[in-house]
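Topology and contacts: notes
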Amino acid sequence: MKGAIDRIESAFSRKNPKDVLRMTTSFYQMLFEIAEKPVAWSVVQSLNAQINHLRAMTIATLERAQHAIAEMRALHKAICQRDKKAAAAASLEHIQRVAELARLAIEKSEF
């Protein structure tokens, strides 16, 4: 997972949104595989077009790279420490922050 996070960080630093999306998808796939949740991953994959559209909107926001990497590192640390509560809290923080960014981006768009 650490390598996946490093690759996401590198893609952000290169300002390469396509690589950020690709590497982020890889990161989440690892999470589902580690959690042994193949059915849940299949559901996520079926929604990937919509998810990636929202992801593209959020990664373009200011300071998203810094926050996303910090959130993913916190989640990785909790998983490595087998701290379920910390992993759940890190996941929730990440989802809430991204949901707010997506909401703001959608409000600004012409939908």
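Scope of this entry: the structure provided in the associated data block. (Residues numbered from 1 in each chain as written. Predicted model: local features only at pLDDT ≥ 70, side-chain atom pairs only at ≥ 80, totals over all residues. Heavy atoms only, no water.)

What to know about the overall build of the protein
The helix and strand inventory of the protein stands at 6 helices and 0 strands. Seen in sequence order, the protein has helices and strands lined up from the N terminus as α-α-α-α-α-α. For 111 residues, the compact-globule estimate of 2.2 N^0.38 gives 13 Å, and the C-alpha radius of gyration of the protein, at 14 Å, lies within 12% of that figure. For the protein, the residues scored as buried account for 32% of the 111 residues in total. Once local pairs closer than 6 in sequence are excluded, the contacts in the protein between residues at least 24 apart make up 65%. (Helix = DSSP H or I, 4+ residues; strand = E, 2+ residues; numbered from the N terminus. Rg over C-alpha atoms; globule rule 2.2 N^0.38 Å. Buried < 20%, exposed > 50% of the residue type's maximum accessible area, 1.4 Å probe, protein only. Contact = heavy atoms within 4.5 Å.)

What about the packing of helix α2 (residues 17-34) against helix α4 (residues 48-59)?
In contact at an axis separation of 10 Å, α2 and α4 are set at 125° when each is read in the N-to-C sense. What the angle tells us is that α2 and α4 run oblique. When you trace α2 past α4, the crossing you get is right-handed. For the pair formed by α2 and α4, the contact residues are P17, V20, L21, T24, T25 and Y28 on the first element and N48, N52, R55, A56 and I59 on the second. Classifying every residue of the contact of α2 with α4 gives 6 nonpolar, 4 polar and 1 charged. (Axes fitted to C-alpha atoms, helices over the stretch in contact; angles between N-to-C directions. Parallel < 35°, antiparallel > 145°, perpendicular 65-115°, else oblique. Left-handed = near helix turned anticlockwise from the far one by under 90°. Nonpolar A, V, L, I, M, F, W, Y, C, P; charged D, E, K, R; others polar.)

What about the pattern of salt bridges?
Close approach of charged atoms allows side chains with opposite charge to pair. Tallied over the full model, the rule gives 10 salt bridges. Notably, a salt bridge pairs R14 with D19, separated by 2.7 Å at the nearest N-O pair. Residue classification places D19 among the buried residues on the basis of a relative accessible area of 16%. Residue E93 pairs with R97 through a salt bridge whose shortest N-O separation is 3.1 Å. Of this pair, E93 and R97 are both found in helix α6 (residues 84-108), 4 residues apart, which corresponds to roughly one turn of the helix. Judged by its relative accessible area of 41%, E93 falls in the partly exposed class. Residue classification places R97 among the partly exposed positions, given a relative accessible area of 29%. In this structure, a network of salt bridges that share partners links the residues K2, D6, E9 and R73. (Salt bridge = Lys/Arg side-chain N within 4 Å of Asp/Glu carboxyl O.)

Here's the deal with the nonpolar core
One finds I8, F12 and F27 to be the most contacted residues of the largest nonpolar core, which totals 22 residues. For this core, the elements supplying multiple residues, two or more each, are α1 (2-13), α2, α3 (38-46), α5 (64-80) and α6. Considering every element that reaches this core, the biggest residue donor is α2, with 6 residues. Beyond its immediate chain neighbours, meaning those up to four positions away, F27 contacts M1, A4, I5, I8, M72 and L75. (Core = buried A, V, L, I, M, F, W, Y, C linked by side-chain atoms within 4.5 Å.)

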